[in-house]
Amino acid sequence: MTKKEAEAFIEEINQYGISPGLENIRELCRRLGDPQEQLSFVHIAGTNGKGSVLKLVSDACKESGIRTGCYLSPVLLEYRERFQINGRMIPRRKLYAYLEHLQRVCTEMVQEGWHHPTAFEMETALAFLYFKEEQCDLVVLETGMGGDLDATNIISKAKVVVFTSISMDHMAFLGNSLAKIASRKAGILKKGAKVVCYPSPDEVLDVLRQKAAECGISKKDIVVTDKTLLKQVKYRLKGQQFSYKEFDKMKLGLAGGYQIINAAVALDVLAALKELGYDIKEAAVRKAFERASWSGRMEVIGEKPTFIMDGAHNEDAAGQLAQSIELYLKDKRIIYIMGVLRDKDHESMIQKTCRYASHIITVKTPDNPRAMDAYELAKEISRYHGSVTTADSLTEAVEMAYLLADKDSVILAFGSLSYLGALKEIVLKRNEEKKKTMVKI
């Protein structure tokens, strides 16, 4: 399969949308030899924080000499980011070979009366096959939207099950209360697994504990990250620091006030893996945490003015972003670039964040049928903020923001991860062209 053929196949399967249920993915993996049954997993569910915990855990395992596969979504810059081993994306040649094989299998399924697998189902099966054939010692696996009916949940066992922050999102699929959403996400629990939970409200933790008991998981195998044990916390946009349990003065490369608790969750996951016999080395953990970077999470991509992008895409994440603004940017003049998906609680996102902006530029996320129109978003923002402008493209939004900013200002792009990759490329290209012009002068 060529690159062009692979892109055409990916575009084709994207039309199948979301299809909750495990029948199709089970059949697809059966035809591939059930590769997931030959792998060991850390399985992560939650509304926010999954990617950050995945990154910290997988990097620490890699640095400890454990061959670690990662399967994650969404991605920012390149499709291959979804499938990584020891931090390296799947080679193009292998990706195209797997896609060609899966295309044949999917065609056979349809011919035999099965529904065509969705993009997420196909990608999940591809990840399992790749990690099995590359003989990964451990796979850190992130759910998509939910838990019980998520395609990743065809795995029959897990070493550690992790629940990051759970909040109100995807209510049409998961339920209209925290307890209902927690119940659906708790569907990834497996007998024999150790469980690590973000310090959540009792409404969430009670559900998780009850579901764990129903799976035969004992109380001693459930750890709730204790945020009262976080000490010596130093919040910085670059290079944070904290102490947690036996880890004194840990340095953290990830910015964002919320990342300190995510890091503590990751440390509890690594402790659970160590109890299970994995050789997790303290020096490796420290190295991984200090060097950690996660694209689209309070990521600085430009200076003078500072340009930050953050994947705050729902009410809870917007609240966390507001806290980060209070921590790092309280006295700064801030220009927003904001694009959201129509099915998110954008009104709550606006209410939590708009007071920090001097001006807001709205964009429509390109090539996404769920994207909210920039004019509609601006109209809604205008109910809460007096200075808002629409941009016809991401390039125009970036240029507007730079025109409005001075060297001491901050440009902050957020609202949906789905447009940040394209925006990052625009900003980096602009900065590179500016450097070349300055050198010539």
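Here the residue numbering is sequential within each chain, running from 1 through the sequence in written order. Only residues with pLDDT of 70 or above have their local features reported here, since the model is predicted, and side-chain atom pairs are shown and tallied only from 80 upward, although totals for entire chains, interfaces and linings are computed over all residues. As a convention, hydrogens and water are excluded, and side-chain values are obtained from all of the structure's heavy atoms.

### With respect to the state of the cysteines
Applied cut-off: Cysteine sulfur atoms that come within 2.5 Å of each other are treated as a disulfide pair. Using a 1.4 Å probe on the protein chains alone, a residue whose accessible area is under 20% of its type maximum counts as buried, one over 50% counts as exposed, and one in between counts as partly exposed.
Applying the stated criterion across every chain yields a total of zero disulfides. For C29, which is in no disulfide, the shortest distance to another cysteine sulfur is to C106 and amounts to 11 Å. The exposure class of C29 is buried, given its relative accessible area of 0%.

### Remarks on the nonpolar core
Note the following rule: The criterion is simple. A nonpolar core is a set of buried Ala, Val, Leu, Ile, Met, Phe, Trp, Tyr and Cys residues joined through side-chain atoms within 4.5 Å. Strands here mean DSSP runs of E at least two residues long; helices mean DSSP runs of H or I at least four residues long; both are numbered from the N terminus. Throughout, a residue-residue contact means that at least one pair of heavy atoms, one from each residue, lies within 4.5 Å.
One finds L28, F83, L99, M122, L126, F131 and F163 to be the most contacted residues of the largest nonpolar core, which totals 60 residues. Sort the elements by how many residues they give to this core and helix 5 (residues 119-133) lands first, with nine residues. Look past the residues within four positions of L28 in its chain and what remains in contact with it is L102, V105, C106, M109, P117, E121, M122 and A125. By size, the runner-up hydrophobic cluster in this structure holds 42 residues, among which are I44, I260, V269 and V285.

### Re the pattern of salt bridges
So the rule is basically this: By definition here, a salt bridge exists when the distance from a side-chain nitrogen of Lys or Arg to a carboxyl oxygen of Asp or Glu is within 4 Å.
What the rule picks out here adds up to 28 salt bridges. In this structure, D221 engages K220 in a salt bridge whose closest nitrogen and oxygen atoms are separated by 3.6 Å. Exposure remark for K220: the relative accessible area of 69% places this residue in the exposed category. In this structure, the salt-bridge partner of K424 is E299, at a minimum N-O distance of 2.6 Å. Linking K424 in helix 15 (residues 417-440) with E299 in strand 12 (residues 299-302), this pair joins segments that are 125 residues apart in sequence. Taking the relative accessible area as the measure of exposure, E299 reaches 17% and is therefore buried.

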